[in-house]
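Residues per chain, in single letters:
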Amino acid sequence: MTAPYVMTPREIVSELDRYIVGQHDAKRAVAIALRNRWRRQNVAPELRDEIAPKNILMIGPTGVGKTEIARRLAKLAQAPFVKVEASRYTEVGYVGRDVESMIRDLVEVAVKMVRDEERERVAVKARENAEERLLDILYPAPPGKTRRPAVVTAAGGVEVADTDTHHETREKLRKLLRDGYLNDREVEIEVTQSAPAVEVFTPQGMEEMGVNMKDLFSQIMPKKTHRRKAKVPEAMEFLVQEEAARLVDMENVAREAVHRAEQSGIVFIDEIDKIAGHDATHGPDVSREGVQRDLLPIVEGSTVNTKYGAVKTDHILFVASGAFHTSKPSDLIPEFQGRFPIRVELQALTQADFVRILTEPENALTKQYVALLETEKVHISFTGDAISALAEIAAVVNARSENIGARRLHTVIERLLEDLSFSAPEFSGREVPIDAAYVHQRLDPIVKNEDLSRYIL
């Protein structure tokens, strides 16, 4: 059985180009890694387990697209994806999260993904069942009556006796329900209350025991039900969700989720430079190196126990990233470096890149703000010289203070449109062109005051 088709590397890069400007080398590296997943699934079984994923280390300043590349890649792959910060974890014995929790988080994401797919698959049947339950509430069957007409055999032939008016009325009611004529009617439904949350505190490295105990408590605690009133559409949606949950086999969901996490999961470890040592042998640097040593078996391939079963990490793709301002990749322990054979350096963004970021991607910031203000019937438009002015201001502030890459554009545009966003309800129906003069009028006083721009932009 062959694996589902995955886009070619060229197609993957082209898709990433729709949302991320530049960084061609990083896009090529992740595209090859994703395609290799598909290639591995199609080789001979005896060789398949021997092919390890080629983990990627992305090096570059903040705000240049490292996280976005990994996030978009996971969407393209329709794979379980989790983003974690390396600085959240500490060596065993220190206060902090257990490194194995990232794999448990990945499995939780996979479970949600598979459960949603299964609910979509049973959606039609769930809606049919919910409709029957809602009709039972709207028009209960009288005692002794069935939903189907009764047929009586008499001597000398067959004849229908006692035409089932309840069934006919029910079918008329069904048509009214489907046509939306009952949407304003209130019905009373029975709602199951979930058991109160019980917080379980466990020692470092034993978080899985805490998760299992919480599940155990939730099963032991009796579930209470209460009746509440709701409009027909709301009641229908609630019943559909309840029926879908009943139709989904959670054992199969858990089994498939574990398989997906193992075979196609992607773990993005950000801020990997924060756990790189600096040739120090005391203080917090010992813990940093300890985190690397704790991460090493997971990245190399080990088995992590989760509440859905044991998960092997041998074929999970790990993508690590860091700015490496005060450290360098060689500061990582040699064994850890060796598990990230693909290194890509992302370039700092220039003023020209900012112009492209504001205009080219499908989710460009300017397009987002145009759409947001359209909801208030305020029609704004950005001229070419306004885009250039915004890019120039973002580049100047980045050069003068901390370089936060494309994130600076969010701050600059938010400040530019602050007054307009606040007064938008009073501007309804107006057209507001945003040109270079508009940009300079609102931002130049802040940009020229260096101390002020550090706090505001």
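In the block above lies the structure referred to throughout.
Residues numbered from 1 in each chain as written. Predicted model: local features only at pLDDT ≥ 70, side-chain atom pairs only at ≥ 80, totals over all residues. Heavy atoms only, no water.

K.L.:
So what exactly am I meant to see when it comes to the nonpolar core here?
P.N.:
One recurring pattern in soluble globular proteins: nonpolar side chains tend to sit buried together. With 58 residues, the main nonpolar core has Ile380, Leu390, Leu416, Leu417, Ile434 and Val439 as its most contacted residues. At eight residues, helix α15 (residues 384-400) tops the list of elements feeding residues into this core. Those residues in contact with leucine 417 that sit more than four places away from it in its chain are Tyr369, Ile380, Phe382 and Ile434. If you look at the next biggest cluster of nonpolar residues, it comprises 57 residues, including Ile103, Ala126, Val248 and Val291. (Core = buried A, V, L, I, M, F, W, Y, C linked by side-chain atoms within 4.5 Å. Buried < 20%, exposed > 50% of the residue type's maximum accessible area, 1.4 Å probe, protein only. Helix = DSSP H or I, 4+ residues; strand = E, 2+ residues; numbered from the N terminus. Contact = heavy atoms within 4.5 Å.)

K.L.:
Looking at this model, I keep getting lost on the sheet that holds strand β2 (residues 81-85). Mind explaining?
P.N.:
Across a sheet, paired strands are connected by hydrogen bonds in the backbone, their directions being either parallel or antiparallel. Ordered in space as β2-β7-β10-β1-β11, the five strands form an open sheet in which the pairing is parallel. Of all the strands in the sheet, just β2 and β11 (342-345) have a single pairing partner and so form its edges. Between one strand and the next, the sheet's axes are offset by a mean angle of 20°, whatever the strand orientation. Contacts from helix α5 (residues 101-121) reach β2, β7 (266-270) and β10 (317-322) within the one sheet, and its direction differs from that of β2 by about 150°. (Pairing = 2+ DSSP bridges. Axes fitted to C-alpha atoms, helices over the stretch in contact; angles between N-to-C directions.)

K.L.:
Would you explain the side chain of glutamate 262 in this entry?
P.N.:
Within the secondary structure, glutamate 262 sits in helix α10 (residues 250-264). Of the buried charged residues, glutamate 262 lacks a salt bridge, with lysine 312 as the closest side chain of opposite charge at 6.5 Å. (Lys, Arg positive; Asp, Glu negative; His and termini not counted. Salt bridge = Lys/Arg side-chain N within 4 Å of Asp/Glu carboxyl O.)

K.L.:
Mind showing me how you'd approach helix α1 (residues 9-17) here?
P.N.:
Think of an α-helix as 3.6 residues a turn; residues three or four steps apart then line up on the same face. When α1 is considered as a whole, its buried residues turn out to be Ile12, Val13 and Leu16. Down the axis of α1, the buried set is contained in an arc of 95°. They therefore lie on one face. Next to the buried residues of α1 lie α2 (24-41) and α4 (66-77). (Arc of directions from axis to C-beta.)

K.L.:
Sorry if this is basic, but what is going on with the packing of aromatic side chains here?
P.N.:
The geometry of an aromatic ring pair is captured by two quantities: the separation of the ring centres and the angle between the planes. For the structure on display, the rule yields one aromatic pair. With a centroid separation of 5.2 Å and an interplanar angle of 45°, the aromatic rings of phenylalanine 336 and phenylalanine 340 are classed as tilted. For the pair shown, phenylalanine 336 and phenylalanine 340 are each scored as buried. Directly above the ring of tryptophan 38 sits arginine 35, whose terminal nitrogen or CZ lies 4.1 Å from the centroid. The ring of tyrosine 19 carries arginine 72 above its face, with NZ or CZ at 3.9 Å from the centroid. (Phe/Tyr/Trp six-rings, centres within 6.5 Å; stacked < 30°, edge-to-face > 60°. Lys NZ or Arg CZ within 6 Å of the ring centre and 35° of its normal.)

K.L.:
Please explain the pattern of salt bridges as it appears in this structure.
P.N.:
Pairing between side chains becomes possible if they bear opposite charge and their charged atoms approach one another. Under the criterion given, the structure shown has 28 salt bridges. Between arginine 72 and glutamate 68 there is a salt bridge, and its shortest N-O distance comes to 2.9 Å. Of the two residues, arginine 72 and glutamate 68 both sit in helix α4, four residues apart, roughly one turn of that helix. In the salt-bridge network here, residues are joined through shared partners; they are Glu131, Glu132, Glu171, Arg174 and Arg178.

K.L.:
Honestly, the environment of proline 140 in this entry has me stumped. Any pointers?
P.N.:
For proline 140, the location among the structural elements is in the loop between α6 (123-138) and β3 (151-154). When the C-alpha positions of proline 140 and arginine 170 are compared, they lie 9.1 Å apart, and in sequence the two are 30 residues distant.

K.L.:
Just checking my understanding: could you explain unusual backbone geometry for this structure?
P.N.:
The phi angle of most residues is negative, glycine excepted, and most peptide bonds adopt the trans form. Even without glycine at this site, glutamine 23 takes up a positive phi of about 55°. With respect to the secondary-structure elements, glutamine 23 resides in the loop between α1 and α2. A relative accessible area of 10% means that glutamine 23 is categorised as buried. Of note in this structure, glutamate 271 is not a glycine but carries a positive phi near 55°. Position of glutamate 271 relative to the elements: it lies in the loop between β7 and α11 (284-300). Look at glutamate 271 and you get partly exposed, because its relative accessible area is 25%.

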